[in-house]
Amino acid sequence: MSKKTLLNSKEIHIILHRLACQLIENHNNFDKTVLIGIQPRGIYLAERLVTILQNDYNISKVELGQLDITFYRDDFRRREEPLEANKTHINFIIEGKNVVFIDDVLYSGRSIRAALTAIQSFGRPANIELLVLIDRRFSRHLPIQPDYTGRQVDVINKEKVTVHWKENDNKDAVIIKN
């Protein structure tokens, strides 16, 4: 199995700041916007963005939630091993708000479809946007496109894109494995 580093720690740092600036351009002070990290790996990206928005750009209040989509996935019962659910943590109202879903890799679009279904349990947002660190743009099974993209990558379907976060994996990197 061969590995190729697509992004290193410094490149991820630069991309995160660019994404934070794009969010500020579209949502100003975030008084009508909430960020929702998609469990499990989108939460690391979401938490990093909130930290950057608050510490580097002085956005005082950014509401951040975590959404578990396990039981909304269309492949829930098709796997050999049982899926392990994560926790949903949304302690604010999304009714009438702008929601930004945040995930690490956009691949087939099925996770985002599940997130769209799951969020309906919490109300009706005014608008939903999608922010991803990596967009595998030629791998879609559903017509879902990100509004904010850290990096687009063209990989063969058998290749796997893995995002490592220092909070979980002790380093920041994006790796492509054959």
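Every value quoted in this text rests on a predicted model; they were computed, and no experiment measured them.

1. A look at the sheet that holds strand S6 (residues 148-152)
The strand order across the open sheet built from five strands is S3-S2-S4-S5-S6, with neighbouring strands paired in parallel fashion. This sheet does not close on itself; its edge strands, each paired only once, are strand S3 (63-67) and S6. Averaged over all neighbouring strand pairs, the angle between strand axes comes to 25°, with direction disregarded. Bridge count for strand S5 (residues 127-135) against S6 is four bridges, and the pairing is parallel. In the sheet register, leucine 131 faces S6, and the bridge partner there is tyrosine 148. With respect to the sheet, helix H1 (residues 9-27) is in contact with strand S2 (33-38), strand S4 (98-106), S5 and S6, its orientation differing from that of S6 by roughly 155°.

2. Points about the layout of surface pockets
Over the atoms a probe the size of a water molecule is rolled, and this reveals where empty space is left. By volume, the second largest pocket amounts to about 180 Å³. Only H1, helix H2 (42-55) and helix H4 (166-169) provide two or more residues apiece to the lining of the second largest pocket. Ranked by residues supplied to the lining of the second largest pocket, first place goes to H1 with five residues. Tallied by class, residues from the lining of the second largest pocket come to three nonpolar, four polar and five charged.

3. Thoughts on the nonpolar core
Ranked by internal contacts, the top residues of the largest apolar core, which has 34 residues, are Leu49, Leu131, Ile134 and Val174. Elements that contribute at least two residues to this core include exactly strand S1 (3-7), H1, H2, S4, S5, strand S7 (160-164) and strand S8 (173-177). For this core, the element with the highest residue contribution is H2, accounting for eight residues. Apart from the residues lying within four places of it in its own chain, the contact partners of leucine 49 are Leu16, Leu19, Ala20, Leu23, Ile102 and Leu131. One finds Val99, Ala114, Ala118 and Ile119 within the second-largest nonpolar core, a separate group that totals 19 residues.

4. With respect to unusual backbone geometry
Glutamine 39 connects to proline 40 through a cis peptide bond whose omega is 0°. Mapped onto the secondary structure, proline 40 falls in the loop between S2 and H2. In this structure, asparagine 28 is a non-glycine residue whose phi angle is positive, near 45°. Residue position: asparagine 28 is located in the loop between H1 and S2. For asparagine 28, a relative accessible area of 55% gives the class exposed. Positive phi values are uncommon outside glycine, yet asparagine 170 reaches one of about 70°. By the element assignment, asparagine 170 lies in the loop between H4 and S8.

5. Observations regarding the sheet that holds S8
Read from one edge to the other, the open sheet built from three strands follows the order S1-S8-S7, with strand pairing classed as antiparallel. Only two strands of the sheet have a single neighbouring strand rather than two, namely S1 and S7. The sheet shows a mean angle of 30° between the axes of neighbouring strands, direction not considered. The pairing of S1 with S8 spans four bridges and is classified as antiparallel. Within S8, the position partnered with leucine 7 by the bridge is valine 174.

Quick notes on the rules
- Residues numbered from 1 in each chain as written.
- Predicted model: local features only at pLDDT ≥ 70, side-chain atom pairs only at ≥ 80, totals over all residues.
- Heavy atoms only, no water.
- Pairing = 2+ DSSP bridges.
- Helix = DSSP H or I, 4+ residues; strand = E, 2+ residues; numbered from the N terminus.
- Axes fitted to C-alpha atoms, helices over the stretch in contact; angles between N-to-C directions.
- Contact = heavy atoms within 4.5 Å.
- 1 Å grid on protein atoms, 1.4 Å probe; cavity = no way out; pocket = protein on both sides within 12 Å on 5 of 7 lines; lining within 4 Å.
- Points joined across faces, edges and corners; volume = space filled by probe spheres on them.
- Nonpolar A, V, L, I, M, F, W, Y, C, P; charged D, E, K, R; others polar.
- Core = buried A, V, L, I, M, F, W, Y, C linked by side-chain atoms within 4.5 Å.
- Buried < 20%, exposed > 50% of the residue type's maximum accessible area, 1.4 Å probe, protein only.

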